[in-house]
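Spelled out from the first residue to the last, the chains are:
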Amino acid sequence: MADSSFDIVSKFDKQEVANAVNSAAKEIATRYDFKNVGASVELSGESIAMKANTEERCLAVLDVVKTHLVKRKVSLKHLDVPEKPRVSGKEYKLDAGLKEGISQESAKKINKLIRDEGPRGVKSQIQGDELRVTSKSRDDLQAVQRLLKEADLDVALNFTNYR
């Protein structure tokens, strides 16, 4: 019998991120507490750009964006947010980058977790920015998926190509 396998990747749906940013922009434009503070949010390439005239309002815009991302089922682990907004002239700006792919360091950590705590006979190998997990038993593969979902990793994981 052939081995069963699946891939571990870290990807997000770009259209869902765009939809979340657009709905957050609409909410910011209509909310009373954002009137006359120059608050705005837009998607620019691989980052979400937020602006407001105070640091607190800028962080409030970030909260609104996070809420809309969660509603669209986009993991917040894809966001790379700086500690605090930077000052640019009279306004505060915050650029939250969007991360895709599993870093080499995280891949090694996941690989070690599977080897140490996963079922016997499960093999995992790093292939670029994703991992391939193989086993003779599909039950073992499902056990590995459960293990990774319960583990507190700093990367959002998706399971694809389940064969």
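As a reminder, the structure under discussion sits directly above these lines.
Here goes a summary of the coordinates provided.

Calculation rules
Residues numbered from 1 in each chain as written. Predicted model: local features only at pLDDT ≥ 70, side-chain atom pairs only at ≥ 80, totals over all residues. Heavy atoms only, no water. Phe/Tyr/Trp six-rings, centres within 6.5 Å; stacked < 30°, edge-to-face > 60°. Helix = DSSP H or I, 4+ residues; strand = E, 2+ residues; numbered from the N terminus. Buried < 20%, exposed > 50% of the residue type's maximum accessible area, 1.4 Å probe, protein only. Contact = heavy atoms within 4.5 Å. Axes fitted to C-alpha atoms, helices over the stretch in contact; angles between N-to-C directions. Parallel < 35°, antiparallel > 145°, perpendicular 65-115°, else oblique. Left-handed = near helix turned anticlockwise from the far one by under 90°. Nonpolar A, V, L, I, M, F, W, Y, C, P; charged D, E, K, R; others polar. Pairing = 2+ DSSP bridges.

Let us look at the packing of aromatic side chains. Following the criterion strictly, the structure yields two aromatic pairs and no others. With 5.5 Å between their ring centres and 85 degrees between their planes, F6 and F159 make a pair best called edge-to-face. One end of the pair, F6, is in strand 1 (residues 4-9); the other, F159, is in strand 9 (residues 158-160), and 153 residues separate them in sequence. When the centroid spacing of 6.3 Å and the interplanar angle of 35 degrees are considered together, the rings of F6 and Y162 count as tilted. Residue F6 is found in strand 1, and its partner Y162 is found in the segment after strand 9; the two are separated by 156 residues along the sequence. When its relative accessible area of 0% is taken as the criterion, F6 is described as buried. By relative accessible area, Y162 is classed as partly exposed at 35%.

Here we come to the environment of C58. When you line up the elements, C58 lands in helix 2 (residues 55-71). Note: C-alpha distance between C58 and N19 (39 residues apart in sequence) is 20 Å. With residues up to four places along the chain from it excluded, the contact list for C58 reads M50, A52, P85, Y92, K93 and L94.

Looking now at the packing of helix 1 (residues 14-30) against helix 2. Look at helix 1 against helix 2: their axes get within 8 Å of each other, and the N-to-C directions meet at 135 degrees. On the basis of their axis angle, the class for helix 1 and helix 2 is oblique. In terms of crossing hand, the pair formed by helix 1 and helix 2 is right-handed. Counted together, V17, A20, S23, A24, E27 and I28 of helix 1 and V61, V64, V65, H68 and L69 of helix 2 form the full contact between these two elements. Along the lines of polarity and charge, the residues of the contact of helix 1 with helix 2 split into eight nonpolar, two polar and one charged.

Let us now look at the sheet that holds strand 1. Taken in spatial order, the four strands of this open sheet run 7-8-1-9, and their pairing is antiparallel. Strands at the two margins of the open sheet, each flanked by one partner only, are strand 7 (123-127) and strand 9. The sheet shows a mean angle of 25 degrees between the axes of neighbouring strands, taken without regard to direction. In terms of strand pairing, strand 7 meets strand 8 (residues 130-135) through five bridges, oriented antiparallel. When the bridges of strand 8 are listed, Q125 appears paired with R132. In the packing of helix 3 (residues 104-117) onto the sheet, contacts are made with strand 1, strand 7 and strand 8, and the angle to strand 7 comes to roughly 175 degrees. Against the sheet, helix 4 (residues 138-150) makes contact with strand 1, strand 8 and strand 9, and its axis sits at roughly 20 degrees relative to strand 1, the strand it touches most.

A few words on unusual backbone geometry. One non-glycine residue, N36, adopts positive backbone phi at about 60 degrees. As for its placement among the helices and strands, N36 is situated in the loop between helix 1 and strand 2 (40-44). Note on N36: relative accessible area 78%, which makes it exposed.

Two faces make up the sheet, and in a regular strand the side chains alternate between them. The element strand 1 is extensively covered by neighbouring structure, given that six of its six residues are classed as buried. Both strand 1 and strand 8 contribute to a ladder of five bridges, which runs antiparallel. Pairing of I8 across the sheet is with L131, part of strand 8. As judged from the three bridges shared by strand 1 and strand 9, these two strands associate in the antiparallel manner. When the bridges of strand 9 are listed, V9 appears paired with N158.

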